[in-house]
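So you can see what is in the structure, the chains are spelled out below.
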Amino acid sequence: GRSIRFEARGNSMAPLVRTGDVLVVGPVSPEAVRVGDVILCSLGPGCVVAHRVIRVVRGVDGPLFLVQGDRLRQPDGTIPATHCFGRVTVVERGGRRIDMNRPATQLLGRAAVLRSRWKTARGLPSRLARQALPRKNQASNILPKGSNKG
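Conventions used here
- Residues numbered from 1 in each chain as written.
- Predicted model: local features only at pLDDT ≥ 70, side-chain atom pairs only at ≥ 80, totals over all residues.
- Heavy atoms only, no water.
- Helix = DSSP H or I, 4+ residues; strand = E, 2+ residues; numbered from the N terminus.
- Buried < 20%, exposed > 50% of the residue type's maximum accessible area, 1.4 Å probe, protein only.
- Areas by Shrake-Rupley, 256 points an atom, 1.4 Å probe, with all protein chains shown as cover.
- Salt bridge = Lys/Arg side-chain N within 4 Å of Asp/Glu carboxyl O.
- Polar contact = N/O pair within 3.5 Å; in protein donor to acceptor, adjacent residues only side chain to side chain.
- Contact = heavy atoms within 4.5 Å.

> How should the overall build of the chain be read in this particular structure?
Counting secondary structure elements, the chain contains two helices and eight strands. Helices and strands in the chain line up, N terminus first, as β-β-β-β-β-β-β-β-α-α. Out of the 150 residues in the chain, the part that is buried amounts to 35%. When the accessible surface of the chain is summed, it comes to about 10000 Å², and 55% of that surface belongs to carbon and sulfur atoms.

As structure tokens, then:
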């Protein structure tokens, strides 16, 4: 395969990728994709994103990737390897190149994964609690006015 270059739009991967940055995406075998990599993938018809892999699951038909933008609170979902077009290898901004294969950049990618997992886990208990607790107007139906618990 060949590498492709395109201009990024959006801020879901800021501060690493900003609107106007040029991304270089190189071919990658599904088995070589690792947690922390930024991949170009399809989330559905007409929806192509460059987001970070936060988990790799070995499926019956090959690996599945859980992807999430660095600034997003929730993952985009799990995508099959067939929806992965390649791995971002370079981010170009203002004449400078950020090599995504450098150890320091990969370490920052791992840190972003940990933050994404923490944000996702942190948001889950509060969402579950909000769903489980009665709403204000429902709470008044639990005990009649003037009643005593004891």
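After that view, the rundown keeps rolling.
> What's the story with the pattern of salt bridges in this structure? I'm lost.
Pairing between side chains of opposite charge can happen when their charged atoms approach one another. By the definition in use, this model includes five salt bridges. For Asp-21, the salt bridge identified is with Arg-93, shortest N-O distance 2.8 Å. A residue pair is termed long-range when its members are at least 10 positions apart, and Asp-21 in the loop between β1 (4-7) and β2 (22-26) and Arg-93 in strand β7 (residues 84-93) qualify at 72 residues. Between Glu-92 and Arg-97 there is a salt bridge, with the nearest N and O atoms lying 2.9 Å from each other.

> I would appreciate a short explanation of the side chain of Asp-70 in the present structure.
With respect to the helices and strands, Asp-70 occurs in the loop between β5 (62-68) and β6 (77-80). Its relative accessible area of 5% is what places Asp-70 among the buried residues. Polar side-chain contacts of Asp-70 include one of 2.9 Å to the side chain of Arg-52.

> Explain the environment of Val-49 here, please?
On the secondary structure map, Val-49 appears in strand β4 (residues 47-59). Take Val-49: its relative accessible area is 15%, and that puts it in the buried class. The spacing of Val-49 and Ile-39 is ten residues in sequence and 8.0 Å in space, taken between C-alpha atoms. Ignoring anything within four residues of it in the chain, the contact list for Val-49 reads Ile-39, Leu-40, Cys-41 and Leu-43.

Nothing here speaks to function; it is geometry throughout.
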